[in-house]
Amino acid sequence: MVLDGGMSNALEDRGHDLSDALWSARLLKDAPGDIAAVHRAYYEAGAAVATTASYQASVAGFEHAGVPRDEAERLIASSVDIACQVRDELADDGQQRWVAASVGPYGAVLADGSEYRGRYGLTAAALREFHLPRLELLVAAGPDMLAVETIPDLDEAEVLVELLDELGFPAWLSYSIQGDQTRAGQPLEDAFAVAARSTSIVAVGINCCAPTDVQAAVETAVAVTDKPAVAYPNSGEAWDAGGRRWTGGASDSTALAQGWTAAGAKYVGGCCRVGPDDINALARAISRHLPGS
């Protein structure tokens, strides 16, 4: 199942400045039509799953930006409505498509790079208090699944898995990694094991990482959990936090994707700096290796 690519880079390509703390979530209020256009572009490129623009959206974050609570809740739910509307508008072509509501880590809302470090110094109770309200808002909006993504820390993952099982709603869980560890420095075997017995997690894997880190991580995820894997790395470029820019060159994930699917990745796509053209190439590469192709 081919996932979409990065929402933020696609919106920046449309001329939007995403430098404030709300990031792409600000456009739920200011430019929902452009969010819809990005979803449509990825679907038309061959993605079967659209991931909503809710990664960095939270009631607290919107309130800090001066948005009243009831409006903040409406905007978070609207992320699902926008994607579902685009999906439904394309339904006449007979292709099956899904909407995954993005749930980013607590660190994403801080907008200070904490999502790539983890270990926030919060108790499990505090993380639960943060995540539960927006999980409930997103589930109530009616997506097909949740994309719990870019989680840097197995401690946060433990809280999220517990909440997802309480809600009883299908989700994938993907960590942001570096090499064979989470961004917080924990072994991937331990991180994936958090989801092994979950009744709600349908796939476990990685995103927002180097393409070269994917193969081994997929193999570990499948071996530890006996669940399908999810894999959607960055373009291969590196983020320079000091200069606030991407450096280096992109790599071609299409050449690696067959290995990921052979190792057990059922959900494959792209994250930062991966656009519709890249997803189109990935979709075509994967379709060539499907049975009967």
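These notes cover the structure that comes with them.

## Some words on the sheet that holds strand 3 (residues 145-151)
Read from one edge of the open sheet, seven strands run 1-2-3-4-7-8-11, paired in parallel fashion. In this open sheet, the two strands that pair with only one neighbour each are strand 1 (49-51) and strand 11 (265-268). Across this sheet, the average inter-strand angle for adjacent strands is 25 degrees, counted without regard to direction. Sheet analysis places strand 1 next to strand 2 (residues 98-103), joined by three bridges and oriented parallel. Of the residues in strand 2, the one forming a bridge with threonine 51 is alanine 100. Together, strand 3, strand 4 (171-175) and strand 7 (201-207) form the strand contacts of helix 8 (residues 154-167), whose direction differs from that of strand 3 by roughly 170 degrees.

## Remarks on the pairing of strand 7
Counting buried positions along strand 7 yields six of seven residues, so the element is predominantly enclosed. The pairing of strand 4 with strand 7 spans five bridges and is parallel. Residue pairing for strand 7: serine 174 is matched across the bridge by glycine 205. By the bridge criterion, four bridges tie strand 7 to strand 8 (residues 229-232) in an arrangement that is parallel. Looking across to strand 8, one finds that isoleucine 206 is bridged to alanine 231. After leaving strand 7, the chain enters helix 10 (residues 214-225) and then returns to the sheet as strand 8, a path that is right-handed.

## Regarding the pattern of salt bridges
Note on pairing: side chains with opposite charge can pair once their charged atoms come close. In the structure shown here, the tally under the stated rule is 15 salt bridges. Between arginine 69 and glutamate 63 there is a salt bridge whose closest N-O contact spans 3.8 Å. Residue classification places arginine 69 among the partly exposed positions, given a relative accessible area of 44%. Of the residues examined, glutamate 63 reaches a relative accessible area of 36% and is grouped as partly exposed. With its nearest N and O atoms 3.5 Å apart, the salt bridge here joins arginine 119 to aspartate 153. In this pair, arginine 119 sits in the loop between helix 6 (106-110) and helix 7 (124-140) while aspartate 153 sits in the loop between strand 3 and helix 8, placing the two residues 34 residues apart along the sequence. Exposure remark for aspartate 153: the relative accessible area of 2% places this residue in the buried category. Linked by salt bridges that have partners in common, Asp20, Arg26, Lys29 and Asp30 make up one network.

## Things to note about helix 12 (residues 276-287)
Its 12 residues give helix 12 an end-to-end C-alpha distance of 16 Å, which sits within 8% of 16 Å, the value for a rise of 1.5 Å per residue. Those residues of helix 12 that sit buried are Ile279, Leu282, Ala283, Ala285 and Ile286. An end-on view of helix 12 places all buried positions within 165 degrees of arc, on one side of the element. On the buried face of helix 12, the contacting elements are helix 3 (32-45), helix 11 (254-262) and strand 11.

## Looking at the nonpolar core
Counting residues in each nonpolar core, the largest one holds 81 residues, and the members touching the most others are Phe62, Leu146, Val148, Leu173, Tyr175 and Ile206. When residues in this core are grouped by element, the largest group, eight residues, is from helix 5 (residues 69-89). Look past the residues within four positions of leucine 173 in its chain and what remains in contact with it is Val148, Ile151, Ala157, Val161, Ala195, Ile201, Ala203, Val204, Gly205 and Val230. In this structure, Ala48, Val230, Tyr267 and Cys271 belong to the second largest nonpolar core, which totals 14 residues.

Rules used in this analysis
Residues numbered from 1 in each chain as written. Predicted model: local features only at pLDDT ≥ 70, side-chain atom pairs only at ≥ 80, totals over all residues. Heavy atoms only, no water. Pairing = 2+ DSSP bridges. Helix = DSSP H or I, 4+ residues; strand = E, 2+ residues; numbered from the N terminus. Axes fitted to C-alpha atoms, helices over the stretch in contact; angles between N-to-C directions. Contact = heavy atoms within 4.5 Å. Buried < 20%, exposed > 50% of the residue type's maximum accessible area, 1.4 Å probe, protein only. Right-handed = clockwise from strand over helix to strand, strands pointing away. Salt bridge = Lys/Arg side-chain N within 4 Å of Asp/Glu carboxyl O. Expected span 1.5 Å × (residues − 1). Arc of directions from axis to C-beta. Core = buried A, V, L, I, M, F, W, Y, C linked by side-chain atoms within 4.5 Å.

Keep in mind these values describe shape, not function.
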